[in-house]
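This is what each chain is made of:
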Amino acid sequence: MARNVSVQTRIGFTIAAWAIALLLFSPILWVLLTAFKTEAEAIASSPTFFPQTFTLENFGAVQDRSDYFKHAFNSIVVSVGSTLLGLIIGIPAAWAMAFAPTKRTKDVLMWMLSTKMMPAVGVLIPIYLIFRDLRLLDTLQGLTIIMTLINLPIIIWMLYTYFKEIPVDILEAARMDGAELWNEIVHVLVPMAVPGIASTLLLNVILAWNEAFWTITLTSGRAGTLTAFISSFSSPQGLFLAKLSAASLLAIAPILLMGWFSQKQLVRGLTFGAVK
Amino acid sequence: MATAQTRTLSRIMMAPAVIVLLIWMIVPLVMTLWFSFQNYSLINPMMTGFAGWANYLYVIGDPSFTQSLVNTLILVGGVLAITVIGGTFLALLLDQPIWGQGILRIIVISPFFVMPPVAALIWKNGFMHPGYGMLGHLWKFFGLQPVDWFNQYPLFSVIVIVAWQWLPFATLILLTALQSLSEEQREAAEMDGANAINRFYYIILPHMARSITIVILIQTIFLLGIFAEIRVTTGGGPGYASTNIAFLVFRTGILSNDIGAGSAGGVVAVVIANVVAFFLMRAVGKNLDA
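Conventions we followed
- Residues numbered from 1 in each chain as written.
- Chains lettered and ligands numbered in written order.
- Predicted model: local features only at pLDDT ≥ 70, side-chain atom pairs only at ≥ 80, totals over all residues.
- Helix = DSSP H or I, 4+ residues; strand = E, 2+ residues; numbered from the N terminus.
- Rg over C-alpha atoms; globule rule 2.2 N^0.38 Å.
- Buried ≥ 20, exposed ≤ 12 C-beta atoms within 10 Å, placed from the backbone.
- Contact = placed C-beta atoms within 7 Å.
- pLDDT = per-residue confidence, 0-100.
- Domains from an automatic or database assignment.
- Nonpolar A, V, L, I, M, F, W, Y, C, P; charged D, E, K, R; others polar.
- Axes fitted to C-alpha atoms, helices over the stretch in contact; angles between N-to-C directions.
- Parallel < 35°, antiparallel > 145°, perpendicular 65-115°, else oblique.
- Left-handed = near helix turned anticlockwise from the far one by under 90°.
- Expected span 1.5 Å × (residues − 1).
- Bend = angle between axes of the 7 residues up to and from the residue.

Colleague: I'm lost on the overall build of chain B in this one. Help?
Modeller: A count of helical and extended segments in chain B gives 13 helices and zero strands. Taken from N to C terminus, the helices and strands of chain B fall in the order α-α-α-α-α-α-α-α-α-α-α-α-α. Rg of the C-alpha trace for chain B: 24 Å, well past the compact-globule value of 19 Å for 290 residues, more than 25% over. Here the C-alpha coordinates of chain B stretch approximately 80 × 75 × 30 Å along the principal axes. By residue count, 43% of the 290 residues in chain B fall in the buried class. Sequence-distant contacts in chain B: of pairs separated by 6 or more residues, those separated by 24 or more amount to 69%.

Colleague: Looking at this model, I keep getting lost on the overall build of chain A. Mind explaining?
Modeller: On a plain count of helices and strands, chain A comes out with 13 helices and zero strands. Counting helices and strands in the order they occur from the N terminus, chain A gives α-α-α-α-α-α-α-α-α-α-α-α-α. Residues classed as buried in chain A amount to 46% of the 276 residues present. For chain A, the share of sequence-separated contacts (at least 6 apart) that also reach a separation of at least 24 residues comes to 79%.

Colleague: Where do I start with the confidence of the model for chain B in this structure?
Modeller: Keep in mind that low pLDDT regions are not for reading the predicted coordinates in detail. Residues and elements named next belong to chain B. Looking at chain B as a whole, the pLDDT averages 84, with 96% of positions reaching at least 70. The least confident element of chain B is helix α9 (residues 183-191), whose mean pLDDT is 74; the most confident is helix α3 (residues 63-94), at 92. Interface confidence for the predicted complex, expressed as ipTM, amounts to 0.84; the pTM equals 0.86.

Colleague: Got a minute to help me understand the domain arrangement of chain A in this structure?
Modeller: Often the size quoted for an interface is simply the accessible area lost on bringing the parts together. When cut into domains, chain A gives domain 1 (7-57) and domain 2 (67-232). Each of domain 1 of chain A and domain 2 of chain A was reduced to a C-alpha centroid, and the two centroids are 36 Å apart.

Colleague: Just to check I follow, could you spell out the interface of chain B and chain A for this structure?
Modeller: Facing 84 residues of chain B, the contacting portion of chain A comprises 80 residues. Residue contributions to the side of chain B that touches chain A peak at 16 residues, all from helix α1 (residues 4-36) of chain B. Looking at the side of chain B that touches chain A, its residues break down into 62 nonpolar, 18 polar and four charged.

Colleague: I would appreciate a short explanation of the packing of helix α4 (residues 68-99) of chain A against helix α7 (residues 140-164) of chain A in the present structure.
Modeller: Two quantities define a packed helix pair, namely the angle between the helix axes and the distance between the axes. All names here are of chain A. Close contact between α4 and α7 brings their axes to 6 Å; oriented N to C, the two are set at 40°. Taken together, the axes of α4 and α7 are oblique relative to one another. Considering the relative orientation of α4 and α7, their crossing is right-handed. Partitioned by chemical class, the residues of the contact of α4 with α7 number 21 nonpolar, eight polar and one charged.

Colleague: Explain the environment of A:A198 to me, please; I cannot follow it from the model alone.
Modeller: If you trace the backbone, A:A198 turns up in helix α9 (residues 181-210). Sequence-wise, A:A198 and A:M158 are 40 residues apart; in three dimensions their C-alpha atoms are separated by 11 Å.

Colleague: Teacher, can you tell me more about the packing of helix α8 (residues 154-179) of chain B against helix α10 (residues 196-224) of chain B here?
Modeller: Residues and elements named next belong to chain B. Two elements in contact, α8 and α10, have axes whose closest approach is 10 Å; the angle formed by their N-to-C orientations is 155°. Here α8 is positioned roughly antiparallel relative to α10, judged by the angle of their axes. Where α8 crosses over α10, the two elements pack in a sense that is right-handed. Here V162, W166, A170, I173, L174, A177 and L178 of α8 lie close against α10, whose contacting residues are H207, M208, S211, I212, V215, Q219 and L223. The residue inventory of the contact of α8 with α10, partitioned by class, reads 11 nonpolar, three polar and no charged.

Colleague: Would you mind going over the environment of A:L134 with me for this structure?
Modeller: Here A:L134 shows up in the loop between α6 (120-133) and α7. Separated by 109 residues in sequence, A:L134 and A:K243 have C-alpha atoms that sit 37 Å apart.

Colleague: Explain unusual backbone geometry to me, please; I cannot follow it from the model alone.
Modeller: A negative phi holds for most residues other than glycine; trans holds for most peptide bonds. Residues and elements named next belong to chain A. You will see that R135, though not glycine, has its phi angle at about 60°, which is positive. Here R135 lies in the loop between α6 and α7. Here R135 falls in the exposed class, since 10 other C-beta atoms lie within 10 Å of it. A positive phi angle, close to 60°, is found at D138, a residue other than glycine. Mapped onto the elements of the fold, D138 is located in the loop between α6 and α7. Using a count of 17 C-beta atoms within 10 Å as the deciding quantity, one classes D138 as partly exposed.

Colleague: Explain α1(B) to me, please; I cannot follow it from the model alone.
Modeller: Every α-helix winds through 3.6 residues per turn, so residues three or four apart in the chain are directed the same way. Residue and element names in this part refer to chain B. Counted at 1.5 Å a residue, the expected span for α1 with its 33 residues is 48 Å, and the 45 Å between its end C-alpha atoms agrees. The sharpest bend along α1 measures roughly 40° and falls at M14, with the proline P16 sitting one to four residues further on. Those residues of α1 that sit buried are S10, M14, A17, L21, W24, P28, T32, F35 and S36.

Colleague: How do you make sense of the environment of B:A4 when you look at a structure like this?
Modeller: All names here are of chain B. On the secondary structure map, A4 appears in helix α1. Look at A4 and you get exposed, because 7 C-beta atoms sit within 10 Å. Distance in space between the C-alpha atoms of A4 and I109 is 47 Å, their sequence separation being 105 residues.

As structure tokens, then:
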């Protein structure tokens, strides 16, 4: 922002902003630092900032205790699987609504949004019983289906707002030039649609990765994702602070990195296009 | 442009999405409604048949329901107050000419990407634990007795954790709104001699009003269903001190295996959410064409 302010004012604002930001960030920083400390150092009565003895043993211990890789694999399968499934169902629907809107398109969109308002606890019991009878409890298939359904409205809404911005005139111009349908799709439509689809994909992987209601209630041992993995650390056992940090770091690091790249899309996706 | 052919095609393209969402919306909800009028317990299979309003009377009549409802309102209201006021303040600060704005944005948004159980466990063990938590160390540094947060102030502790997760979301959206305010408008106000407070009340706040509404409504939907944060910290206790409606349904239906009563609680949760949803739909719907 190019407003004329004195250097002093600018320094003041900068210090205030950084102080508050670091305060907000301190729990994540704590995890990052504690994960590399020994257990004894982590609970020392006079806390240290940087690890005095840098150690990687916590990560090994976490893997031995709760099998991080299995849970991480489950998280990847469910979040990526449900997002891809959602895109397969969502792209045609959003495309149709954006390029061939009817009088009812707006109502359909609002209705899809309304399914998102339904509180999970309102349908927890039937889903639990249906899953029990279909033997879907504690399976990756079951979890992927649920995750697809709860994120589908967001997927369609995001895609819709992106597709809406593709100018229809360009499609018609291409058609006038005698481009065949296939060429039209490959050379005109896809390049314009890919950024929107990529953003949608990114945000939905993040949302599915962090989902912590269905992943905890519908899984136990086999299909547990990282949210279930980390919840198993909720009852402390002996010296465990550094291990908890190591486990937390492993669970959040990949998604934190993705999140940093997708913060703009987050605004758009979670406000259903109402704030851009 | 909508010929009969494209209309048919677009119906086919929309069909899968509409059908799965229709099933997802109707089937479980009808089942919840049905169970809520049945005697149905997984522990006592002999108890069957139509229950009338008994499940509802049982759930709503129990003191734990009133407490859970009040807790839900305090939880949602408390987190909203912290995140909206704090978020507005932070957004205004980040919009100032400061060094490292881009990095700051990334640092501030980070807590939102931390999965709920991790957020809850970091706060529980790393910060709020009276023995080795950072807040305990801080209290001791000032010569005070460390506080056992989750036993003494269970609901407040949950509010702090949830607010920490959602403050970045509010900040990011309000900052986005703030940055779309045109420079000319601000400069014109400055030239007219409006001071900072007047500029905030008469120009910035009205401009942000819509975004603040959206932040409140979207957060409310998510906050009504807060679950993992309670599950891994207090388990709803002590007693029912930090049980919200969502957790009460889980407790009754899944932990106590009382399907009938749990379902009745679920229906109540749906009714509450629908009241909120009604207002959200109106707010978002209004902005759809814009």
